[in-house]
Amino acid sequence: MKLLAICGSLRAASLNAMLIRAIQRLAPPDMVIQEFTGMAGLPMFNPDLDACPPVSVADFKQQIASADVVLIASPEYAHGITGVMKNALDWTVSSDVFVNKPVMVLNASPRATHADAALREILTVMSAQIIEAASVTVAVIGGGLDEDGIVAHPVIAAQLQAALAAAQLEWLEQLRLRLN
């Protein structure tokens, strides 16, 4: 199973990027989690360019389309999703890359309820299939944990592994339905 992980923060010390790297380490061997590293290279959304998008945008859409599951971890800024996350999602609105795409939403802060709700609303409007059992809020913020600390934390590591297992089950179920 192939997951594409998208971080909604450009910060070098982003907790959400740390969370993605930790979940990569916690994934079972038969699961590949590739992080999208081109967020900073996506130009500001311009619908005039949609018919012939910049290479960075075409690559972003292709990576989403080729993933079995998309994992999104994004912080909350001013009661909403980050500008970089909104910009990236705006580039996908006129395509079908999120239609019926299984998506996991990770939240690194129990206080980030507005961004979590906004992200889920946007994904739902784009017809993504949010995997509720795989979409978790983990208390990373304020815990002083780094990537190693997240991986070693028994409760957080178990939450993340359970989320991955739920994503895998959902993907297998969708695969089964397509084959029947």
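Before going into details, it helps to say that this report is about the structure given with it. What you are looking at is a predicted structure, and each value in this text was computed from that prediction instead of being measured.

If you look at the biggest cluster of nonpolar residues, it comprises 35 residues, and the most contacted ones within it are Leu 3, Met 104, Leu 106, Ile 150 and Leu 160. Broken down by secondary-structure element, the contributors of at least two residues to this core are strand S1 (2–7), helix H1 (15–26), strand S3 (69–73), strand S6 (102–106) and helix H6 (154–179). Top element by residues in this core is H6. It accounts for eight residues. If we ignore the near neighbours within four places in the chain, the residues touching Met 104 are Leu 3, Ile 23, Val 69, Val 70, Leu 71, Ile 72, Ala 134, Ser 135, Ala 163, Leu 164 and Ala 167.

With that out of the way, let us pick up unusual backbone geometry. Excluding glycine, most residues fall at negative phi; most peptide bonds, likewise, are trans. In the Ramachandran plot, His 79 falls in the positive-phi region, its phi being about 65 degrees despite a non-glycine side chain. Positionally, His 79 belongs in the loop between strand S4 (76–77) and strand S5 (80–81). The phi angle at Ser 127 is positive, at roughly 65 degrees, despite the residue not being glycine. Relative to the elements of secondary structure, Ser 127 occurs in the loop between helix H4 (113–125) and strand S7 (129–130). In this structure Ser 127 comes out as partly exposed when scored by relative accessible area, which is 33%.

Two side chains carrying opposite charge are able to pair once their charged atoms lie near each other. Enumeration over the complete set of coordinates arrives at eight salt bridges. A salt bridge links Lys 61 to Asp 50; the shortest N-O distance between them is 3.6 Å. Of this pair, Lys 61 sits in helix H2 (residues 55–66) while Asp 50 sits in the loop between strand S2 (32–35) and H2, placing them 11 residues apart in sequence. Take Lys 61 and Asp 50: they sit in the same class, and that class is buried.

Once that is clear, we can look at the packing of H2 against helix H3 (residues 83–92). Helix packing for two helices is described by the angle between their axes and how far apart those axes are. Two numbers describe how H2 lies on H3: the axes approach to 10 Å, and their chain directions differ by 80 degrees. In this view, H2 runs roughly perpendicular relative to H3, as classed from their interaxial angle. Judged by residue contacts, Val 57, Phe 60, Lys 61 and Ile 64 of H2 engage Ala 88, Trp 91 and Thr 92 from H3. A breakdown of the residues in the contact of H2 with H3 according to their chemical character gives five nonpolar, one polar and one charged.

The subject of this paragraph is the environment of Ile 64. On the secondary structure map, Ile 64 appears in helix H2. With a relative accessible area of 0%, Ile 64 lands in the buried category. Separated by 33 residues in sequence, Ile 64 and Val 97 place their C-alpha atoms 6.3 Å apart. Aside from chain neighbours lying at most four places away, what touches Ile 64 is Leu 4, Ile 6, Val 70, Thr 92, Val 97, Phe 98 and Lys 101.

Thresholds, definitions, all that
- Residues numbered from 1 in each chain as written.
- Predicted model: local features only at pLDDT ≥ 70, side-chain atom pairs only at ≥ 80, totals over all residues.
- Heavy atoms only, no water.
- Core = buried A, V, L, I, M, F, W, Y, C linked by side-chain atoms within 4.5 Å.
- Buried < 20%, exposed > 50% of the residue type's maximum accessible area, 1.4 Å probe, protein only.
- Helix = DSSP H or I, 4+ residues; strand = E, 2+ residues; numbered from the N terminus.
- Contact = heavy atoms within 4.5 Å.
- Salt bridge = Lys/Arg side-chain N within 4 Å of Asp/Glu carboxyl O.
- Axes fitted to C-alpha atoms, helices over the stretch in contact; angles between N-to-C directions.
- Parallel < 35°, antiparallel > 145°, perpendicular 65-115°, else oblique.
- Nonpolar A, V, L, I, M, F, W, Y, C, P; charged D, E, K, R; others polar.

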